[in-house]
Amino acid sequence: MTARGAEAAETPRKAGYRHLARAVLYREFLLFVRYPANAVGGIVVSLFFFGVLFYGGQMVAGQALTDSIEGIVVGYFLWTLSVGAYSSISNDIGSEVQWGTLERHVMTPFGFAPVALLKGVAKIVRTFLTSTVILVVMIVVTGTTLELNLLTIVAVATLTIVSVLGLGLAAGGITVLYKQIGNWLNLLQFGFIVLISAPAFDLGWMRFLPLAHGSALLQRAMVDGIRLWEFSPIDLGLLVGVAVGYLVLGYVVFQYATRRARRLGVLGDY
Amino acid sequence: MTVRDDGRSASRERTGTEIDETAANSVSGGSVERSGTGAEPTDRVTDDTNRSLPARRTPAVSVTGLSKRFGDGTDAITAVDDVSLEIETGSIVGLLGPNGAGKTTLIKSILGMVFPDEGTVRIQGIDVYDRPREAYAFVDAMLEGARNDYWRLTVRENLRYFTTISGVDPDSVRGRHDRLLSQLELAEKADVPVRDLSRGMKQKVSLATVLAGGAEVIFLDEPTLGLDVESSRTLQRELRRLVEEEGLTVVLSSHDMDVVETVCDRVLIVSNGRIIADDSVDALLRGTDRHRVQISSADLIGPIVSELRNRFDAIDVEEFEIGARIDVTTDSDGLYELLARLRAADVTLERVRTVEPDLEDVFVELTSAEVRERTARRLEEDER
């Protein structure tokens, strides 16, 4: 059959969100395997900082650090995940603007926000892979023993970083509006260290902030071996509530910012 | 519907019935529904004289009273000023205008990338601002030339990705992708990353990704910018062929008058945010009162050449060993005056050649007339 004949027999089918998710994940996969240097570079940099933290900390704090090393490993694992989730959308939007492909993601029947969010999720999947490598190396280097219940870790860590994904969505919207601010917003990721360390102190009202409550649950899961179903409904409810709350907040900010960018005529300008 | 008298698009004209079928092409069972729900009736109707006439079809693009201002107060700039237009299905419309005339803002406003202060835009009958997601199922755009796709992915991966983004399952249009690749001479490069292709090929990949999902209306901003002559011609030829074969509607903006003259059925000239001319290329060329003559004579020397240089702005002089050749573009009065001055100076006309005006002449005439009018209006207002 000729190409033209083949086309005549074709009936274009509508793509659903399943197809969209597959397309953005596949693109992420292609870039990951085709340009591994980017991913490997990220892993090396993260491990270098952990090395400085671990060996430097041992020299300064000695036994005190060794006693709390499990917490530090889990916290650092969560931090690498959070940084990936947070910066994924705004960095992606920044890149799309530079590449000249942003408008095509705006002009889609799926809507810009759902596409941006799905692209962020695809980046999170990628971040999970790289953060897992980092986690394994940290465990080997420090000789730490952790409870690695896959279901619990994936569920708690995912819900924890969804709140940060919401912040990233808001940051992405602001990046559309003010291109240069994107880089400054990346500095916020250092604030995540405080939120992740919050469980070490009294959580209080901080449990309603992104990461803090999730970080506490992840510590209990990985250090104390608590399983997902062993957490209290209140703890799990709060984890889900914080995740959904910040995601919705980020979505609203994103929608507002992109509408304003269209009003000002700056969408896609570089 | 704009009446075209150049006959260029006659072969592409689809009948009202065909369009009706297209509009109603909402196949059940998960297939793409691309029917403009705001479509006007397309049946045949009868006029006063009982002649059967095709009823007015839904235009591919319909813009009403579109205005956009940037800034406030005295610094405000009106980028689009009360623009209304309709673009019929299956035509290629060129958008011409000097830098800063408002072409890009107009295109971005039509596409909903920029929200206007006033006005409405309908694509295939669907309001772009009220129901953007539905409207975007019909339209795609190449606003960034060769930068319109992912350079790190291969040509085919780009086609599949952007097909999905435009709302169509890429597995269902494989044949279309194969045909596009073959038509645009990209088949051999299908599995090559875009970054490894030449500029001309990158541009063609951009066009292919815009067409990959089967959009019915496409916008191309400077599609031939940066291309060499050969690549530009190939792209123009392919574009024309695709429009003829697919019944596509294309709106393209370009600085390259040759591209617009060769490819477009109709031209909109934008100046200062307004449409100052809207006609077929031929009608614009016929309607101009610009005449270009080349006159050679051994008598074209010193004083008379200086006199003509002072009198006519659009003059080129090529001096020979004896005499010279002048190339003057002017209106009817100017032409009479030119000949009178030559006669008064006893110049024997050895060779006179008239050159048909091209789109560039028309463009210069219209935009400079508009600028003159605007300046006169401003002076008048200042005097008051």
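Residues numbered from 1 in each chain as written. Chains lettered and ligands numbered in written order. Predicted model: local features only at pLDDT ≥ 70, side-chain atom pairs only at ≥ 80, totals over all residues.

## Digging into the overall build of chain B
Consideration 1: Looking only at helices and strands, chain B has 12 helices and 16 strands in total.
Consideration 2: Buried residues in chain B amount to 44% of all 384 residues. (Helix = DSSP H or I, 4+ residues; strand = E, 2+ residues; numbered from the N terminus. Buried ≥ 20, exposed ≤ 12 C-beta atoms within 10 Å, placed from the backbone.)

## Description of the sheet that holds strand β9 (residues 217-221) of chain B
All names here are of chain B.
Consideration 1: Reading across from one edge, β8-β9-β10-β5-β11-β12 is the order of the 6 strands in this open sheet, with mixed pairing throughout. Each edge of the sheet is formed by a strand with only one pairing partner; in this case those strands are β8 (139-142) and β12 (274-280). Taking each pair of neighbouring strands and ignoring which way they run, the sheet shows an average axis angle of 15°.
Consideration 2: Across the face of the sheet, helix α2 (residues 103-110) comes into contact with β5 (92-96), β9, β10 (249-253) and β11 (266-271) while running at roughly 155° to β9. (Pairing = 2+ DSSP bridges. Axes fitted to C-alpha atoms, helices over the stretch in contact; angles between N-to-C directions. Contact = placed C-beta atoms within 7 Å.)

## Some details on the nonpolar core
Burial of nonpolar side chains together is a common tendency in soluble globular proteins.
Consideration 1: Core analysis: the largest hydrophobic core is formed by 146 residues, its most contacted members being Ile123(B), Val139(B), Ala141(B), Ala208(B), Leu211(B), Ile218(B) and Val250(B).
Consideration 2: With 14 residues, helix α8 (residues 150-177) of chain A is the largest single contributor of residues to this core.
Consideration 3: Apart from the residues within four sequence positions on either side, Ala208(B) is in contact with Leu159(B), Leu180(B), Leu181(B), Leu184(B) and Leu186(B).
Consideration 4: Listed in part, the 8 residues of the second largest apolar core include Ile295(B), Ile326(B), Leu338(B) and Val347(B). (Core = buried A, V, L, I, M, F, W, Y, C linked by C-beta atoms within 7 Å.)

## Focus: the pairing of strand β16 (residues 351-355) of chain B
Residues and elements named next belong to chain B.
Consideration 1: Burial runs low along β16: only 0 of the 5 residues are buried.
Consideration 2: Relative to β16, strand β13 (residues 291-297) runs antiparallel, the two being bridged by 5 bridges. By the bridge assignment, Ser296 is partnered in β16 with Arg351.

## Regarding the pairing of β5(B)
All names here are of chain B.
Consideration 1: Counting buried residues along β5, 5 of its 5 residues qualify, which places the element largely inside the surrounding structure.
Consideration 2: Alternating residues of β5 divide into Ile92, Gly94 and Leu96 and Val93 and Leu95, and every residue in both groups is buried.
Consideration 3: Bridge count for β5 against β10 is 4 bridges, and the pairing is parallel. Counterpart to Ile92 in the pairing with β10 is Val250.
Consideration 4: Relative to β11, β5 is paired through 4 bridges, and the arrangement is parallel. Bridged to Leu95 within β11 is Leu268.

## So, the interface of chain A and chain B
Consideration 1: Counting residues at the interface gives 36 residues for chain A, matched by 41 residues for chain B.
Consideration 2: Elements represented by at least two residues in the side of chain A that touches chain B include exactly α1 (3-9), α2 (17-34), α6 (102-106) and α12 (233-264) of chain A.
Consideration 3: Here the element with the most residues in the side of chain A that touches chain B is α2(A); it accounts for 7 residues.
Consideration 4: A class-by-class count of the residues in the side of chain A that touches chain B yields 16 nonpolar, 9 polar and 11 charged. (Nonpolar A, V, L, I, M, F, W, Y, C, P; charged D, E, K, R; others polar.)

## Quick look at unusual backbone geometry
Residue and element names in this part refer to chain B.
Consideration 1: With a phi close to 50°, Glu222 is a non-glycine residue in the positive phi region.
Consideration 2: Take Glu222: it is sitting in the loop between β9 and α7 (229-246).
Consideration 3: Even without being glycine, Asn272 reaches a positive phi, approximately 55°.
Consideration 4: Examined against the element boundaries, Asn272 turns out to sit in the loop between β11 and β12.
Consideration 5: For Asn272, a count of 19 C-beta atoms within 10 Å corresponds to the partly exposed category.

## Examining helix α7 (residues 112-142) of chain A
Consideration 1: Between its first and last C-alpha atoms α7(A) spans 44 Å; for 31 residues at 1.5 Å apiece the expected length is 45 Å, and the two agree.
Consideration 2: In the segment just after α7(A), Gly143(A) is the residue with positive phi, at about 70°. (Expected span 1.5 Å × (residues − 1).)

## Thoughts on the environment of Lys108(B)
Residues and elements named next belong to chain B.
Consideration 1: With respect to the helices, strands and loops of the structure, Lys108 is situated in helix α2.
Consideration 2: It is 8.9 Å that separates the C-alpha atoms of Lys108 and Leu143, two residues lying 35 residues apart in sequence.
Consideration 3: Leaving out residues up to four positions away in the same chain, Lys108 has contacts with Met113 and Val114.

## Thoughts on the packing of helix α5 (residues 69-99) of chain A against α8(A)
Residue and element names in this part refer to chain A.
Consideration 1: α8 packs onto α5 with a crossing angle of 25° between their chain directions and a minimal axis gap of 8 Å. Here α5 lies roughly parallel to α8, going by the angle between them. Pair α5 / α8 crosses with right-handed handedness. Contacts between α5 and α8 involve Leu78, Leu81, Ser82, Ala85, Tyr86, Ser87, Ser88, Ile89, Ser90, Ile93 and Gly94 from the former and Ala157, Thr160, Ile161, Val164, Leu165, Leu167, Gly168, Leu169, Ala171, Gly172, Thr175 and Val176 from the latter. (Parallel < 35°, antiparallel > 145°, perpendicular 65-115°, else oblique. Left-handed = near helix turned anticlockwise from the far one by under 90°.)

## Quick notes on the domain arrangement of chain B
Consideration 1: Structurally, chain B comprises domain 1 (61-286) and domain 2 (291-356).
Consideration 2: For domain 1 of chain B and domain 2 of chain B, the distance between their C-alpha centroids amounts to 43 Å. (Domains from an automatic or database assignment.)

## Observations regarding α2(A)
Consideration 1: With 18 residues, α2(A) should reach 26 Å at 1.5 Å per residue; the first-to-last C-alpha distance of 25 Å fits that figure.
Consideration 2: Those residues of α2(A) lying buried are His19(A), Leu20(A), Ala23(A), Val24(A) and Arg27(A). Projected down its long axis, α2(A) shows its buried positions confined to an angular sector of 130°, all on one face. Turned more than 90 degrees off the buried face of α2(A), the exposed positions are Tyr17(A), Arg18(A) and Val33(A).
Consideration 3: Those residues of α2(A) hidden inside the fold are in contact with α7 of chain A together with α4 (155-165) of chain B. (Arc of directions from axis to C-beta.)

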